[in-house]
Amino acid sequence: MTNEQQIRRADRTRDGDPRNVPRPLEGEADRTVVETTWGEVQPLQVVAGVATVGELEVIELLDRGAALVDTRVPDSRSGVSLPGAVNIPHEDIVERRGELDPARTTIVFCNGPQCPQSPDAIRKLIDAGYPSSALAYYRGGLHDWATLGFPLAPVRPAS
């Protein structure tokens, strides 16, 4: 099968579960398969007081010392993430909120605009009393990051 056929065919049989997207195209480290046919588009603003940021704002915030948290669960990570991100699955975020520093911005992301994992994590943190001003929501997530050709790195579990 040609690469073009792989790209056209990629996950068209998906059952609505965003597992393993985006992911590197087999045999081509510089190409990534993304999926756009799953999930429900998440709102632009998840919670009042939490800024929604794009790629350039993510880079700017990281340059100013922000932390980057990948909230995807293990079966949806594909082994790649944004460089410098640590993984704290959305279902564990409240129990592990002590790993976050409310004195610095934490950028939270997941698979992309159609993924509910980071909005869920943000809502849970806010409900647990975490300050909304210390959070930023990168709605584009891994999907938009990879689609725009920004670098990817291996998933890094939080210490």
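Thresholds, definitions, all that
Residues numbered from 1 in each chain as written. Predicted model: local features only at pLDDT ≥ 70, side-chain atom pairs only at ≥ 80, totals over all residues. Heavy atoms only, no water. Helix = DSSP H or I, 4+ residues; strand = E, 2+ residues; numbered from the N terminus. Buried < 20%, exposed > 50% of the residue type's maximum accessible area, 1.4 Å probe, protein only. Contact = heavy atoms within 4.5 Å. Areas by Shrake-Rupley, 256 points an atom, 1.4 Å probe, with all protein chains shown as cover. Core = buried A, V, L, I, M, F, W, Y, C linked by side-chain atoms within 4.5 Å. Pairing = 2+ DSSP bridges. Axes fitted to C-alpha atoms, helices over the stretch in contact; angles between N-to-C directions. Salt bridge = Lys/Arg side-chain N within 4 Å of Asp/Glu carboxyl O. pLDDT = per-residue confidence, 0-100. Polar contact = N/O pair within 3.5 Å; in protein donor to acceptor, adjacent residues only side chain to side chain.

Asks: Please provide a residue-by-residue account of the overall build of the protein chain, values included.
Replies: Looking only at helices and strands, the protein chain features four helices and nine strands. Its helices and strands in sequence order give the protein chain the pattern α-β-β-β-α-β-β-β-β-α-β-α-β, from N to C terminus. Counting only residues that meet the buried cut, the protein chain has 43% of its 159 residues in that class. Within the protein chain, contacts between residues separated by at least 24 positions form 70% of all contacts whose residues are at least 6 apart in sequence. Here the protein chain has roughly 8,200 Å² of accessible surface; of this, 50% comes from carbon and sulfur atoms.

Asks: Please give an account of the nonpolar core that cites residues and values.
Replies: Membership of the largest hydrophobic core comes to 16 residues, with the highest contact counts inside it found for Ile93, Leu100, Ile122 and Leu135. Elements that contribute at least two residues to this core include exactly α3 (117-127) and β8 (135-138). Per element, the largest residue contribution to this core is three residues, and it comes from α3. Those residues in contact with Leu100 that sit more than four places away from it in its chain are Val69, Ile88, Ile93, Thr106, Leu125 and Tyr130. Membership of the second largest hydrophobic core comes to 14 residues, among which are Val58, Ala85, Ile107 and Trp145.

Asks: Break down the sheet that holds strand β3 (residues 51-53) for me, citing the residues and quoting the values.
Replies: Taken together, five strands build an open sheet; the order of strands is β3-β8-β7-β4-β6 and the sheet is parallel. Because the sheet does not close on itself, it has two edges, and the strands there are β3 and β6 (86-87). Two strands pair when backbone bridges link them, and strand β4 (residues 67-70) and β6 are joined in this way by two bridges, in the parallel orientation. Paired with Asp70 across the strands is Asn87, a residue of β6. Where α3 meets the sheet, its contacts fall on β7 (106-109) and β8, and the angle it forms with β8 comes to roughly 165°.

Asks: So, the environment of Val41: which residues are in play, and what are the values?
Replies: Checked against the element boundaries, Val41 lands in the loop between β2 (28-33) and β3. Note: C-alpha distance between Val41 and Cys115 (74 residues apart in sequence) is 7.2 Å. Ignoring anything within four residues of it in the chain, the contact list for Val41 reads Pro113, Gln114 and Arg139.

Asks: Let's hear about the environment of Ser133: which residues, and what values?
Replies: Within the secondary structure, Ser133 is located in the loop between α3 and β8. For Ser133 and Pro102, which are 31 residues apart along the polypeptide, the C-alpha to C-alpha distance reads 8.5 Å.

Asks: Which residues make up the pattern of salt bridges, and what values go with them?
Replies: On inspection of all chains with the given rule, the structure shows four salt bridges. A salt bridge links Arg96 to Glu99, with the nearest nitrogen and oxygen atoms 2.8 Å apart. For Arg96, a relative accessible area of 21% puts it in the partly exposed group. Its salt-bridge partner being Lys124, residue Asp120 comes within 3.0 Å of it at the nearest N-O pair.

Asks: Before we move on, could you go through the confidence of the model for the protein chain and cite the residues and values that matter?
Replies: Low pLDDT marks stretches whose predicted atomic positions should not be read closely. Model confidence for the protein chain is summarised by a mean pLDDT of 82, while 72% of its residues fall at 70 or above. Across residues 5-19, confidence stays below pLDDT 50; counting only partners more than four residues off in sequence or on other chains, it has 24 contacts.

Asks: Would you mind going over the side chain of Ser81 in detail, with residue names and values included?
Replies: Residue position: Ser81 is located in strand β5 (residues 80-81). Exposure remark for Ser81: the relative accessible area of 1% places this residue in the buried category. At 2.8 Å, the side chain of Ser81 forms a polar contact with the side chain of Asp70. Not counting the four nearest positions on each side in its chain, Ser81 is found in contact with Asp70, Arg72, Phe109, Leu142, Leu152, Ala153, Pro154 and Val155.

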